[in-house]
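Residue-level structure breakdown
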4 protein chains.
Amino acid sequence: MRGSFGQHFRLTIFGESHGDAIGMVIDGIPAGTPLDEAAIARDMARRAPGLDPTATSRKEPDRVRIVSGLFEGRATGTPLCGLIENTNTRSGDYAQLRAKMRPGHADYAGHVKYGGYNDPRGGGHFSGRITAPLVFAGAVARQLLAAKGIAIGAHIAAIGDIADDPLDPVCIRADALIRLQQSRFPLLNPAKEAPMRAAVEAAKADLDSVGGVIECAAVGVPAGIGSPFFGSVESVVSQLLFSVPAVKAVEFGDGMAIAQKRASDANDAMHYENGCVTCLTNHNGGVTGGITNGMPIVLRAAVKPTPSIARVQQTVDLMTAENTTLSIAGRHDPCIVPRAVVVIESALAIALCELMMDNASTRAMQ
Amino acid sequence: MRGSFGQHFRLTIFGESHGDAIGMVIDGIPAGTPLDEAAIARDMARRAPGLDPTATSRKEPDRVRIVSGLFEGRATGTPLCGLIENTNTRSGDYAQLRAKMRPGHADYAGHVKYGGYNDPRGGGHFSGRITAPLVFAGAVARQLLAAKGIAIGAHIAAIGDIADDPLDPVCIRADALIRLQQSRFPLLNPAKEAPMRAAVEAAKADLDSVGGVIECAAVGVPAGIGSPFFGSVESVVSQLLFSVPAVKAVEFGDGMAIAQKRASDANDAMHYENGCVTCLTNHNGGVTGGITNGMPIVLRAAVKPTPSIARVQQTVDLMTAENTTLSIAGRHDPCIVPRAVVVIESALAIALCELMMDNASTRAMQ
Amino acid sequence: MRGSFGQHFRLTIFGESHGDAIGMVIDGIPAGTPLDEAAIARDMARRAPGLDPTATSRKEPDRVRIVSGLFEGRATGTPLCGLIENTNTRSGDYAQLRAKMRPGHADYAGHVKYGGYNDPRGGGHFSGRITAPLVFAGAVARQLLAAKGIAIGAHIAAIGDIADDPLDPVCIRADALIRLQQSRFPLLNPAKEAPMRAAVEAAKADLDSVGGVIECAAVGVPAGIGSPFFGSVESVVSQLLFSVPAVKAVEFGDGMAIAQKRASDANDAMHYENGCVTCLTNHNGGVTGGITNGMPIVLRAAVKPTPSIARVQQTVDLMTAENTTLSIAGRHDPCIVPRAVVVIESALAIALCELMMDNASTRAMQ
Amino acid sequence: MRGSFGQHFRLTIFGESHGDAIGMVIDGIPAGTPLDEAAIARDMARRAPGLDPTATSRKEPDRVRIVSGLFEGRATGTPLCGLIENTNTRSGDYAQLRAKMRPGHADYAGHVKYGGYNDPRGGGHFSGRITAPLVFAGAVARQLLAAKGIAIGAHIAAIGDIADDPLDPVCIRADALIRLQQSRFPLLNPAKEAPMRAAVEAAKADLDSVGGVIECAAVGVPAGIGSPFFGSVESVVSQLLFSVPAVKAVEFGDGMAIAQKRASDANDAMHYENGCVTCLTNHNGGVTGGITNGMPIVLRAAVKPTPSIARVQQTVDLMTAENTTLSIAGRHDPCIVPRAVVVIESALAIALCELMMDNASTRAMQ
């Protein structure tokens, strides 16, 4: 709990937005795994700020210095620690925020939890910047999964009320998922880019921000991964997805919509196809009884609008114990959704590694 | 993972639907806690089958025999084990299902995971019956929480496309939540009961079943509970909610709808009220940055329609390796939602106990 | 921690000596594993009381009723719960002990920890009787290990100051270990049985008890199991050995004696034998750097004399808050060592299962 | 397991002897804890090489750069990461060792576990150098414990066959323990220093090394800490002690010697002293039934002789698959015991923090 995840693919993250450095330790990478650092850097760049008009103009190279666990290009099998120095910090922007609680942020909840001792600069450990270690870990997990034939990709399913076309949950192809990874604004229907960008611009112009939905899928996951109850695929994946700041809802398969259906329209009829068991539909998003059934895993995560906005907001001043107002200056994303795509993919990748390793430990004694 | 949850309020569940007995072990109940067994029995009865026309006619008293951890009516502080004997099992109904995979069920996923060795009778360990131990544990957790001034309750937010009124997320009262617990069909707007029951009856008449949504809240949870990232309130609660069979989506606060909003309509403005910090709205469902902010915790879980239906469904026969059809006889709930209400409440109660104990362990060394 | 052990071979134990029942849940047994219940019963009988003059005359059949996780003689892959009813409880013997703290027992430490709410009858959850679930779990673990060619056995290395011959740590044979299991008083040098029994009788005649040492070995464990630091073989095994009540010291290989040596006499020289790497000596007990090196694992555990003795002892009365004396009546083992042999073997078996499964989970992703 | 310890005081260590950096992440330090970095540096210096003739001449400043979790001198409550750069690495010394397995080291066991991909330079992750992060974590833990009135100290109980006087387990004083910490060669009987140093010099002159015993104690630990079975004080402490490379035996209280005793000489008689319950003796080392009883915690750990010696040793060459001989050049400690004293203290400090926090989490819900 807290800063660590997993029993097999063990991830520990650390760091504050404006501290010396952020980073992570991954314990459980098989010895001898060649790490493709260029591929990791590509994923880091997808999350990095300053590269798209929807994002904050703060620029961080987000280069990871691996200080342990790698020798001659391969994992040693012992804990891999990577560091990302914080090079571009303008703490002055945040001075007034120590007392004035930013609505929608963790400021007040964190103040109570940590008795006022948490690092207030730039959101401290609550900053979206701490998702960079998640992306690093996800990039490593993705390489392990790729060797097993598993591909993960995601698109912007919606920004505000502009929706992209949905993934066809039955016949998602690995190459299509990988192609999505190559875009800074991944969509299934390119015609949606212009109106989505317009929605972001409109919010920005109004000193506001806007939320969205990310749809993510994994293909190639064999049937039989996950466990009933506390180790269900949905349980483990959702634990990670809800670790991503700003995620407020998670759906698998038909998600909320399944509640309105009858079983005759929610059950996935099964049949043999080329000697393999498969489903004609995928209302369950590839998971039944908490276990993968061989169909693509499909999920959606709702991302709330970035709470840091320049608009005047009503809030409290803990120093004076009085009501006050707040207008948040500084560089903030008017829409975090495009940068969050790779974070959601990473969360799924980490969870799938953990789940596949969990299965393996039991099977080994058979 | 798998059959156990928690680092503080440690819960282990076991059992198969048609095995000898099901049950659970809870480790972490403070020594000396008086257990109100009548209150536990009331929660068990809310989940028990056979008591409402929406439910299966299978009758199980679901009486729990506590075999350890309780002495003279109080918790001893050592593991509490409770057993529920399986008294009413008609395995004959399920004979054909060993080969024929039931669509929407864990049959196929479980068959692959366990190599065909899982108990096939009545769904085995995948059965909704295994939520009875969750309810027991939830009832214990609820008593611990009540002593801290925390109340949990839930209502049927929707069955099919009939929606109840939503909870007002800002001013939920403990007594209202407790009143909801006393109904077998808890609603905020009683006028919705008739159309909801009609929707269930219609599905049943069509040899079908129907899903729904459960909305659940906790009040009295102090600010400062939970952690950023992997131990976020949403992460821990969702891990448990997605452990409940049939849950396919989980929302906190505005949930999926927050994605369509702007921050000015999603941030919860703060102000002082009687010297306390509070929020004017509760779009975040009582959680910001993974930590409680003192507002009511509000969540919704989508429950899929019971997959066991009498309608003819297309599926596979693993024995003959051929396509086939299946019509599921036996006693099944045309709508599981009313019985699942207490299960959702229980999941939230267990998660909150875990989270509160996690906070305490750190604070102790301050 | 507390009542549960392991991340892979998950064991949860529960119960009090004079409660309704004691038992355990094991999660992680591979589906399809045939369980040899007769072999389990043989191990249970080795620990059971009433069968040897060194032991208490309390008779408990210690028959295990498996209520879940087993179907048609094979593990289902889901949690296996076994129950042992407490049939022979004479609580009257212990009435005075609620106030009078028994020296050498957990009475006082437990009283403080649990605020006086722990079950005082017969030692409650502290009773040596709670090692019965460990033996059950060990018997299951042993079957999994046997399928991998691993055998475990132990002998009484000493009772009081009478020592058995030591195991030759270099060339222990599986059949010799298995032969040891068949004896109620396992020794390498049968001539030591008479003086050891005489030492026990002498202690009993003096209303006293006597301690001893158990030496345990595992052969067939492949090199490469375990991890540096917190998951070292010694760390995991010792965690379990020190869980066994009365164990106060644990040694691997040369143990305490290695401290007096020079490296030239403590390092194990290596050489090729029939194409395999092996060691000429085994001062390290089969473990270097926390990882198995292919040599037999050899360890010793010191077992303190049963603290319950009929002699008058000086102690405190918590009710009157005065000093007092105590003479413990009831049926107690004048020497627990012979019955503890199978418990020590079980602890090693459980630890090795856990360690082997841990290795496997990482390898699976290679 | 593996690189992480604890559920409350969560420690993750990383690094290889000759990699870029080593370090640790600690999660669970209470927010607001002032960290005395000078005191931490003092403990680091006690372990650091190059400062005593018994130690290797390799000099490493072992200065820790804290990159997260600390703000304005106080813990933020989020993960604290500290880095120790490796500044003084002479990898050339170790070139031949990639093929030739050093007896007594983890070389062969590690080679099998990691398939030859572990970092071979200077022992890699197996190096005693990786105890530096343990000492850092122990120094932090010690500060938390000191605030609760707990002091920890240790002395060199033996080097080779020269023994120091033992601690009096009944009346150890905090100030005496703290005084021991101030010595590079802590002894109770200063007259033993000369013969001990002579034993080390003699071993060195013989191109050999020598082992020893460290005795460690904690005073001020309240009664009631720890749990029966898997979370026993001995279980948790021994898990950490056996994580320290070279430890091959661990004793609590009378340890191995208790096996030769009768209960009348092993039970600790209790009495009231100034209204408090205490014991007249401390054969159990402050722990009964896995739980502290308020007496000093006393333990001993046997440390094997440093396996790296200049003497010719028989071993295998994995490249040629032939038998060979090996003489280990480079800078090595002829006796690691003096430097290991602070490591053993640190292991105990970390374990006690974990155990005290574990107790607190349960009590919080009472």
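Described in the following lines is the structure provided in the data block. (Residues numbered from 1 in each chain as written. Chains lettered and ligands numbered in written order. Predicted model: local features only at pLDDT ≥ 70, side-chain atom pairs only at ≥ 80, totals over all residues. Heavy atoms only, no water.)

Moving on, we get to the overall build of chain A. Helices and strands together make up the secondary structure of chain A, namely eight helices and 18 strands. The C-alpha atoms of chain A give 21 Å as radius of gyration, which agrees with the globular expectation for 366 residues (21 Å, within 12%). Principal axes of the C-alpha set define a box for chain A whose edges measure 70 × 50 × 35 Å. Per-residue burial for chain A yields a buried fraction of 69% across its 366 residues. (Helix = DSSP H or I, 4+ residues; strand = E, 2+ residues; numbered from the N terminus. Rg over C-alpha atoms; globule rule 2.2 N^0.38 Å. Buried < 20%, exposed > 50% of the residue type's maximum accessible area, 1.4 Å probe, protein only.)

Right, let's talk about the packing of helix H3 (residues 131–146) of chain B against helix H8 (residues 337–363) of chain B for a bit. Packed helix pairs are specified by the crossing angle of their axes together with the interaxial distance, meaning the distance between the axes. Residue and element names in this part refer to chain B. Contact geometry of H3 with H8 gives a least axis separation of 7 Å together with a crossing angle of 50°. The orientation of H3 relative to H8 falls into the category oblique. Considering the relative orientation of H3 and H8, their crossing is left-handed. Between H3 and H8, the residues in contact are Thr131, Leu134, Val135, Ala137, Gly138, Ala141, Arg142, Leu144 and Leu145 and Val342, Val343, Glu345, Ser346, Ala349, Ile350, Leu352, Cys353 and Met356, respectively. The residue makeup of the contact of H3 with H8, split by class, is 13 nonpolar, three polar and two charged. (Axes fitted to C-alpha atoms, helices over the stretch in contact; angles between N-to-C directions. Parallel < 35°, antiparallel > 145°, perpendicular 65-115°, else oblique. Left-handed = near helix turned anticlockwise from the far one by under 90°. Contact = heavy atoms within 4.5 Å. Nonpolar A, V, L, I, M, F, W, Y, C, P; charged D, E, K, R; others polar.)

Another point: the sheet that holds strand S7 (residues 80–85) of chain D. Pairing is antiparallel across the open sheet formed by five strands, whose spatial order is S1-S2-S3-S7-S4 (chain D). Each edge of the open sheet carries a strand with a single partner, namely strand S1 (4–5) and strand S4 (65–68) of chain D. (Pairing = 2+ DSSP bridges.)

This next bit is on the relation of the copies chain A and chain C. Rotating chain A by 180° and moving it 0.0 Å along the rotation axis overlays it on chain C with an RMSD of 0.0 Å. The symmetry that links the two subunits is that of a two-fold axis. Closest to the rotation axis within chain A is the C-alpha of A:Ser361, separated from it by 2.1 Å. (Least-squares fit on C-alpha atoms with pLDDT ≥ 70 in both.)

Now for the interface of chain A and chain B. As a measure of interface size, the accessible area lost when the parts come together is often cited. Across the contact, 108 residues belong to chain A and 108 residues belong to chain B. Counting the surface lost from both chain A and chain B, the interface buries some 8,600 Å², and carbon and sulfur atoms represent 61% of this. Where chain A packs against chain B, one counts six salt bridges. Here A:Lys248 ties to B:Glu234 by a salt bridge, and the two come within 3.0 Å at their closest N and O atoms. The interface formed by chain A and chain B holds 57 residue pairs in polar contact (both at pLDDT 80 or more) in total. (Buried area = accessible area lost by both parts, 1.4 Å probe. Salt bridge = Lys/Arg side-chain N within 4 Å of Asp/Glu carboxyl O. Polar contact = N/O pair within 3.5 Å; in protein donor to acceptor, adjacent residues only side chain to side chain.)

A few words now on the pattern of salt bridges. Between side chains of opposite charge, pairing is possible as soon as their charged atoms come close. Per the counting criterion, the structure on display carries 88 salt bridges over all chains. Between A:Arg65 and D:Asp20 there is a salt bridge, and its shortest N-O distance comes to 3.4 Å. Here the residue A:Arg65 occupies a position in strand S4 (residues 65–68), and D:Asp20 occupies one in the loop between strand S2 (10–14) and strand S3 (21–27), the pair thus bridging two chains. With a closest N to O distance of 2.8 Å, A:Arg102 and A:Asp107 form a salt bridge. Given the relative accessible area of 6%, A:Arg102 is considered buried. Salt bridges here are not isolated pairs; linked through shared partners, they connect A:Asp43, A:Arg46, A:Arg142 and A:Glu345.

With that settled, the discussion passes to helix H8 (residues 337–363) of chain A. End to end, H8(A) covers 39 Å across 27 residues, agreeing with the expected 39 Å (1.5 Å per residue, within 8%). Counting buried residues in H8(A) gives 26 out of 27 residues, a clear majority hidden from the surface. (Expected span 1.5 Å × (residues − 1).)

The next thing to look at is empty space enclosed by the protein. Across all of its chains, the model carries 15 cavities of 30 Å³ or more by this definition. Considered as a void within the structure, the largest cavity measures approximately 1,100 Å³ in volume. Forming the boundary of the largest cavity are 41 residues, of which A:Gln7, B:Gly6, B:Gln7, C:Gln7 and D:Gln7 lie nearest the centre. Where the lining of the largest cavity is concerned, the elements lending two or more residues are strand S1 (4–5) and helix H6 (233–241) of chain A, strand S1 (4–5) and helix H6 (233–241) of chain B, strand S1 (4–5) and helix H6 (233–241) of chain C together with S1 and helix H6 (233–241) of chain D. Partitioned by chemical class, the residues of the lining of the largest cavity number 16 nonpolar, 17 polar and eight charged. One number sums up the size of the second largest cavity: a volume of about 880 Å³. Elements with a minimum of two residues in the lining of the second largest cavity: strand S11 (247–252) and H8 of chain A together with strand S14 (287–288) of chain B. For the lining of the second largest cavity, the element with the highest residue contribution is H8(A), accounting for three residues. Residues that form the lining of the second largest cavity fall into these classes: 17 nonpolar, 18 polar and 10 charged. (1 Å grid on protein atoms, 1.4 Å probe; cavity = no way out; pocket = protein on both sides within 12 Å on 5 of 7 lines; lining within 4 Å. Points joined across faces, edges and corners; volume = space filled by probe spheres on them.)

Note on the copies: chain A fits chain B at an RMSD of 0.0 Å, the axial shift is 0.0 Å, and the rotation between them is 180°. A share of 100% of the interface residues of chain A reappears at the interface of chain B, consistent with the copies meeting face to face through the same patch.

So, on to the sheet that holds strand S10 (residues 212–219) of chain D. Strand order in the open sheet formed by 10 strands is S9(C)-S8(C)-S10(C)-S16(C)-S11(C)-S11(D)-S16(D)-S10(D)-S8(D)-S9(D), with antiparallel pairing between adjacent strands. Of all the strands in the sheet, just strand S9 (162–163) of chain C together with strand S9 (162–163) of chain D have a single pairing partner and so form its edges. With eight bridges joining them, strand S8 (residues 151–159) of chain C and strand S10 (residues 212–219) of chain C adopt antiparallel strand pairing. In the strand pairing of S10(C), C:Ala158 is matched with C:Val213. Where H6(D) meets the sheet, it contacts strand S11 (247–252) of chain C together with strand S11 (247–252) and strand S16 (297–303) of chain D, and its direction lies at approximately 155° from that of S11(D).

Residue and element names in this part refer to chain A. Helix H3 (residues 131–146) packs onto helix H1 (residues 37–47) with a crossing angle of 145° between their chain directions and a minimal axis gap of 9 Å. Considering how the two elements wind past one another, H1 and H3 form a crossing that is right-handed. Of H3, the residues touching H1 (which contributes Ala39, Ile40, Asp43, Met44, Arg46 and Arg47) are Thr131, Ala132, Val135, Phe136, Ala139, Val140, Arg142 and Gln143. Along the lines of polarity and charge, the residues of the contact of H1 with H3 split into eight nonpolar, two polar and four charged.

Of the residues lining the interface, 18 residues belong to chain A; the matching set on chain C comes to 18 residues. For the pair chain A and chain C, the two sides together bury roughly 1,700 Å², of which 66% comes from carbon and sulfur. Taken together, chain A and chain C are joined by zero salt bridges. Here chain A and chain C share zero residue pairs in polar contact (both at pLDDT 80 or more) between them. Mapped by element, the contributors of at least two residues to the side of chain A that touches chain C are H3 and H8 of chain A. The element best represented in the side of chain A that touches chain C is H8(A), accounting for six residues. The class makeup of the residues in the side of chain A that touches chain C is 11 nonpolar, six polar and one charged.

To describe a pair of aromatic rings, you give the distance between the ring centres and the angle between the ring planes. Counting across every chain of the model gives 16 aromatic pairs over all chains. Centre to centre, the rings of C:Phe252 and D:Phe242 are 5.2 Å apart; their planes meet at 90°, and the pair counts as edge-to-face. Separated into two different chains, C:Phe252 in strand S11 and D:Phe242 in the loop between H6 and S11 make up a pair that spans both. Pair check on accessibility: C:Phe252 and D:Phe242 agree, each one buried. An aromatic cluster of three or more residues is present, and its members are A:Phe5, B:Phe229 and B:Phe230. (Phe/Tyr/Trp six-rings, centres within 6.5 Å; stacked < 30°, edge-to-face > 60°.)

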